[in-house]
Amino acid sequence: MATVAAPGTQAYARPALLDWLTTVDHKKLGILYLYFTMFFFAVGGILALLVRTQLAVADSSFVSNNAYNQIFTMHASAMLFLFIIPVWAGFGNYLVPLQIGAADMAFPRINALSFWLLPPAGILMFAGFLVEGGSANAGWTAYSPLAQQSGSGMDLWIISVIILGVSSTIGAANFMVTMFRMRAPGMTMFRMPIFCWTMLVTAVLQLLATPVLAAALTMLFIDRNFGGAFFDPNTGGNAILWQNIFWFYSHPAVYIMILPGMGIISEIIPVFSRKPLFGYKAFVFATMAIGGLGFSVWAHHMFTTGAVLLPFFSFMTFLIGVPTGVKIFNWLGTMWRGSITFTTPMLFGIGFVSMFLIGGINGMFSAVVPIDFAIHDTYFVVAHIHYVLFGGSVMAVFGGFYYWFPKIWGRKLNETLGKWHFGLMLIGFNLAFFPMHLLGLDGMPRRIATYSESGWEALNFASTVGSFLIGVSMIPFLIAVVAAFMRPKDQPDDPWEANTLEWGTTSPPPVYNFDELPEVRSERPLFDRRHPDLAGGGH
Amino acid sequence: MAAIESSPRHEEGMSNGMLGFILFLASEVMFFGGLFAAYFIARADAQEWPPVNLLTEEQIAAGVQLEMHVGLPAIATAILITSSIVIQWAEFQIKKGNQAGLIWGLFITLAMGVIFLAMQMYDYAQLDFGAGDTIYGTTFYTLTGFHGAHVFGGAVFILIVLLRALGGQFSAQRHEAVRACSIYWHFVDVVWIALFTILYIVPE
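These figures come from a predicted structure and were not determined experimentally. (Residues numbered from 1 in each chain as written. Chains lettered and ligands numbered in written order. Predicted model: local features only at pLDDT ≥ 70, side-chain atom pairs only at ≥ 80, totals over all residues. Heavy atoms only, no water.)

Peer 1: Give me the lowdown on the overall build of chain A, citing residues and values where you can.
Peer 2: A count of helical and extended segments in chain A gives 17 helices and zero strands. Taken over C-alpha atoms, the radius of gyration comes to 23 Å for chain A, in line with the 24 Å a tight globule of 539 residues would show. When the backbone C-alpha atoms are referred to their principal axes, chain A occupies close to 70 × 50 × 45 Å. Out of the 539 residues in chain A, the part that is buried amounts to 60%. Here the analysis covers contacts within chain A between residues at least 6 apart in sequence; of these, 81% occur between residues at least 24 apart. With the model as given, the accessible surface of chain A reaches about 19,400 Å², and the carbon-plus-sulfur share is 71%. Computed over 26 positive and 26 negative side-chain charges, the inter-centroid distance for chain A is 9 Å. (Helix = DSSP H or I, 4+ residues; strand = E, 2+ residues; numbered from the N terminus. Rg over C-alpha atoms; globule rule 2.2 N^0.38 Å. Buried < 20%, exposed > 50% of the residue type's maximum accessible area, 1.4 Å probe, protein only. Contact = heavy atoms within 4.5 Å. Areas by Shrake-Rupley, 256 points an atom, 1.4 Å probe, with all protein chains shown as cover. Lys, Arg positive; Asp, Glu negative; His and termini not counted. Charge placed at Lys NZ, Arg CZ, Asp CG, Glu CD.)

Listed below in structure tokens is the structure:
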């Protein structure tokens, strides 16, 4: 499609740096989100390697106990709050308006605010390393009374997470209004790309759950600084209250962290299987069901407190496995008898399905109350969370990068390097995290700074080797990115022969997104345009 | 005439701005929900309420008394509820094109909001317990304090809308900011009614 400069665009030319700092264009903000989150992915990854270095051998004194507590706390905080949650806002910002055929988000300036809240929050959180007592060190869960005993780095952490919460709450409202009100003609709700649907359900969860976390953090801040009594039983408070309110946010938050990833691979797998997504509507309803049920399972993190209704929360947790299982069959059914091409994005998509499946199954395993009593707070739980958030979310992040890189930057990432990236990461990931199941079953507690010689050395060492292999797997990725940026922008509108509207404009798209919108008569408008004889099917 | 003046987005029902604003209010409801939950759990846990059994000897010696005086807050409640009616009246006036009615309504609402805040501050000053005096003091000051902050935010909102009204920016067709402002004020009012009920009225 020919690129025609819009009349008057020259009048708005500004120095590049000023343009990036003041932009309200959803695409530029999306790219800023991606840069920001990948930076903190690297920071969180380095902290993870410090953790694994400490645990590589028994009785290690690589870092002090207090430093270890800070490192694992900041690893999780960076990965969850500064990488995974905002990286979806990055993909969402770039893609949602394009996928629904809009010119921008509903509130471009609020969108810019959502992004620009992130850098100060990231700086505040990591400024903890500079204050007396060091950074937050009570784990990303910040349980009371542990969180009462930390130094002032904990207060910086609280303020930072509240700011991030504001960013994600206003961002959520922006995404919801955008998808409810800004869709192109013909783009009914049930023709929206699956990625948009997952962003929509994620936005609902963010809008309703994040303020509850803000309330919990506010109470913690009052307890720590103004002599409050919320979580202190001696003065009439309740330590379990923190856990209840925290998980009321943080369990929906794990769906905030995974649903858009499911959306991304649901864009990738149909394209490279050359079939429509199997069971589009089932997928949409399963996403809604996960969002709804997500609010009723928080106390499965608290079985061992003895303060929650075990049968209810166990049952609801099993129930949420059903819509998740539906999605596994959506993906398998899509690939079944498809003409699969094993491009790098597809490899990451298949990696997601298989690794997330393991993470789902060991999650269901943990939902069995007696088993949870045995494995609570052991490395089994660490294995579970990494199989869903690394094997799931991170796979989807990289799949999304390889898939949309031609659209966002107009260049393709090298396929060979991409396959090395995927292969090394998959092996490193399983080597790093599978042994944690066995360590957990053997009773190794999470969050301990070191351990004595007890038969855990070999598995821990294997895990450390795996973690460094994950680090090594980033090298081909970085080379591929640098190599791509050294080449000219040569990508056509639709290099993958994909289905959704973003591929109907140039790569990268013009500021105003579309010169002309393809007609939308199904959830695959570009397929319809390529195959007018077959059009009209679908939904 | 009206059909010509009204912008197309009114024909589709709610505008983007109003929808976004209502979603923002939903997040506010969840925020207060978290704080209310803390209060309910504290009351459910308590052996007696107010939890005088938890006071230390130092607190008793310092003259801490866990009791509230319902008189002044009751008057403040009446003022806040009335102010909700006033701002709704102001919105009805601009719907009829009555600029002066809008300005007076907003001004009176703003004055009532300020009076409410002044009464709350006076009430704080005369209470014999602080935010650190058991869960009773902590929940009381946190809940009413965050509500007070929202009243203040609402008052600023009204002030901005009032200044815009003085500049003649609203008409019978275009007055969305007035609507949003009045919805926000009703929200703050409803939260207060719930707070007043659980803090002052529900038996001990």
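Peer 1: Talk me through the overall build of chain B; I want residue IDs and the actual numbers.
Peer 2: Helices and strands together make up the secondary structure of chain B, namely eight helices and zero strands. The N-to-C order of helical and strand elements in chain B reads α-α-α-α-α-α-α-α. C-alpha atoms of chain B, sized along the principal axes, occupy 75 × 30 × 25 Å. Expressed as a percentage of the 204 residues in chain B, the buried residues total 47%. Nonlocal contacts in chain B, meaning residues at least 24 apart in sequence, comprise 78% of its contacts between residues at least 6 apart. For chain B, the exposed area adds up to about 9,600 Å²; of that, 68% sits on carbon and sulfur atoms. Averaging the positions of the 7 positive and the 16 negative side-chain charges in chain B gives two centres separated by 22 Å.

Peer 1: Can you tell me about the environment of Met-364 of chain A, naming the residues and giving the values?
Peer 2: Mapped onto the secondary structure, Met-364 of chain A falls in helix α12 (residues 344-367). When the C-alpha atoms of Met-364 of chain A and Ser-314 of chain A are compared, they prove to be 9.2 Å apart, with 50 residues separating the residues in sequence.

Peer 1: Describe in detail the interface of chain A and chain B, supporting the description with residues and values.
Peer 2: Facing the 31 residues of chain A at the interface are 27 residues of chain B. Buried area between chain A and chain B, summed over both chains or domains, comes out near 2,300 Å², and the portion from carbon and sulfur atoms is 73%. Broken down residue by residue, the surface that chain A buries against chain B is led by Arg-181, Phe-230 and Gly-236 of chain A, which jointly contribute 23%. Counting across the chain A and chain B interface gives zero salt bridges. For the pair chain A and chain B, the interface holds five residue pairs in polar contact (both at pLDDT 80 or more). When residues in the side of chain A that touches chain B are grouped by element, the largest group, nine residues, is from helix α8 (residues 194-225) of chain A. Counted by class, the side of chain A that touches chain B contains 21 nonpolar, nine polar and one charged residues. (Buried area = accessible area lost by both parts, 1.4 Å probe. Salt bridge = Lys/Arg side-chain N within 4 Å of Asp/Glu carboxyl O. Polar contact = N/O pair within 3.5 Å; in protein donor to acceptor, adjacent residues only side chain to side chain. Nonpolar A, V, L, I, M, F, W, Y, C, P; charged D, E, K, R; others polar.)

Peer 1: Break down the pattern of salt bridges for me, with residues and values.
Peer 2: In the structure shown here, the tally under the stated rule is ten salt bridges over all chains. Arg-274 of chain A serves as the salt-bridge partner of Glu-497 of chain A, at 3.8 Å between the closest nitrogen and oxygen. One end of the pair, Glu-497 of chain A, is in the loop between α16 (457-486) and α17 (525-530); the other, Arg-274 of chain A, is in the loop between α9 (239-273) and α10 (280-293), and 223 residues separate them in sequence. Across the salt bridge formed by Asp-494 of chain A and Arg-530 of chain A, the nearest N and O atoms sit 3.1 Å from each other. Of the two residues, Asp-494 of chain A is situated in the loop between α16 and α17 and Arg-530 of chain A in helix α17; the sequence distance between them amounts to 36 residues. Here Arg-530 of chain A falls in the partly exposed class, since its relative accessible area comes to 29%. Taken together, the shared-partner salt bridges in this structure form one network comprising Glu-91, Lys-95 and Arg-179 of chain B.

Peer 1: Help me get a handle on the packing of aromatic side chains, residues and values and all.
Peer 2: Residue and element names in this part refer to chain A. One pass over the full model with this rule turns up 77 aromatic pairs over all chains. Relative to Trp-404, the ring of Phe-91 lies with its centre 6.1 Å away and its plane at 50°, an arrangement referred to as tilted. With Phe-91 in helix α3 (residues 65-99) and Trp-404 in helix α14 (residues 379-409), the pair connects residues that are 313 residues apart, well separated along the chain. On the accessibility criterion, Phe-91 (1% relative accessible area) is buried. Taking NZ or CZ as reference, Lys-28 lies 5.5 Å from the ring centre of Trp-20, over its face. Sitting above the plane of the Phe-190 ring, Lys-281 keeps its charged end 5.1 Å from the centroid. (Phe/Tyr/Trp six-rings, centres within 6.5 Å; stacked < 30°, edge-to-face > 60°. Lys NZ or Arg CZ within 6 Å of the ring centre and 35° of its normal.)

Peer 1: Summarise the packing of helix α4 (residues 108-116) of chain A against helix α5 (residues 118-127) of chain A; cite the residues concerned and give the values.
Peer 2: Residue and element names in this part refer to chain A. Here α4 crosses α5 at 15°, and the two axes come no closer than 5 Å. Here α4 lies roughly parallel to α5, going by the angle between them. Judged by residue contacts, Ser-114, Phe-115 and Trp-116 of α4 engage Leu-118, Pro-119 and Pro-120 from α5. Among the residues forming the contact of α4 with α5, the class breakdown is five nonpolar, one polar and no charged. (Axes fitted to C-alpha atoms, helices over the stretch in contact; angles between N-to-C directions. Parallel < 35°, antiparallel > 145°, perpendicular 65-115°, else oblique.)

Peer 1: Tell me about unusual backbone geometry, and name the residues and values.
Peer 2: The amide bond that connects Ser-507 of chain A to the next residue, Pro-508 of chain A, takes the cis arrangement and shows omega of -10°. Looking at where Pro-508 of chain A falls in the secondary structure, it is placed in the loop between α16 and α17. Cis geometry is adopted by the peptide bond preceding Pro-50 of chain B, which originates at Trp-49 of chain B and carries an omega value of 0°. Position of Pro-50 of chain B relative to the elements: it lies in the loop between α3 (16-45) and α4 (57-61). With a phi angle near 50°, Ala-142 of chain A is a residue other than glycine that sits in the positive phi range. Mapped onto the elements, Ala-142 of chain A comes out in the loop between α5 and α6 (146-149). When its relative accessible area of 0% is taken as the criterion, Ala-142 of chain A is described as buried. One non-glycine residue with positive phi stands out, namely Arg-274 of chain A, at about 50°.

Peer 1: Before we move on, could you go through the nonpolar core and cite the residues and values that matter?
Peer 2: Counting residues in hydrophobic clusters, the biggest one holds 241 residues, and the most contacted among them are Phe-91, Trp-157, Met-192 and Trp-331 of chain A. Once residues lying within four places of it in the same chain are set aside, the contact partners of Trp-157 of chain A are Met-74, Ser-77, Phe-81, Met-125, Ala-136, Trp-140, Ala-142 and Leu-217 of chain A. (Core = buried A, V, L, I, M, F, W, Y, C linked by side-chain atoms within 4.5 Å.)

Peer 1: How would you explain the side chain of Lys-27 of chain A if you had to name every residue and give the values?
Peer 2: Residue and element names in this part refer to chain A. Inspection of the secondary structure puts Lys-27 in helix α2 (residues 26-55). Of the residues examined, Lys-27 reaches a relative accessible area of 5% and is grouped as buried. A polar side-chain atom of Lys-27 sits 2.9 Å from the main-chain carbonyl oxygen of Val-511. Apart from the residues lying within four places of it in its own chain, the contact partners of Lys-27 are Tyr-94, Leu-98, Pro-509, Pro-510, Val-511 and Asn-513.

Peer 1: How would you sum up the packing of α3 of chain A against α8 of chain A? Please name residues and give values.
Peer 2: All names here are of chain A. Orientation of α3 relative to α8, taken along the N-to-C sense of each, is 130°, at an axis distance of 10 Å. When the interaxial angle is binned, α3 and α8 end up oblique. Between α3 and α8 lies a crossing whose hand is left-handed. Each of Ile-85, Trp-88, Phe-91, Gly-92, Leu-95, Val-96 and Gln-99 in α3 lies in contact with α8, whose residues at this interface are Phe-195, Cys-196, Met-199 and Gln-206. Classifying every residue of the contact of α3 with α8 by side-chain character gives eight nonpolar, three polar and no charged. (Left-handed = near helix turned anticlockwise from the far one by under 90°.)

Peer 1: So, α2 of chain A: which residues are in play, and what are the values?
Peer 2: An α-helix turns once per 3.6 residues; consequently, residues spaced three or four apart project the same way. Given a rise of 1.5 Å per residue, 30 residues ought to cover 44 Å, and the 42 Å separating the end C-alpha atoms of α2 of chain A matches this to within 8%. The backbone nitrogen of Lys-27 of chain A has a side-chain oxygen 3.0 Å away, supplied by the residue at the start of α2 of chain A, namely Asp-25 of chain A. (Expected span 1.5 Å × (residues − 1).)

Peer 1: I'd like to hear about a nonpolar patch on the surface, residue by residue, with values.
Peer 2: Taken together, the side chains of Val-57, Leu-431, Phe-461 and Val-465 of chain A define a hydrophobic patch exposed on the protein surface, amounting to about 320 Å² of accessible area. Topologically, Phe-461 of chain A is positioned in helix α16. (Patch = residues over 30% accessible without salt bridge, like charges linked within 9 Å, V, L, I, M, F, W, Y side chains within 5 Å.)

Peer 1: Give a detailed account of the confidence of the model for chain B, specifying residues and quantitative values.
Peer 2: Mean pLDDT over chain B: 90, with 93% of residues reaching 70 or higher. A low-confidence stretch, residues 1-11 of chain B (pLDDT under 50), is modelled with eight contacts involving residues beyond four sequence positions or located in other chains. (pLDDT = per-residue confidence, 0-100.)

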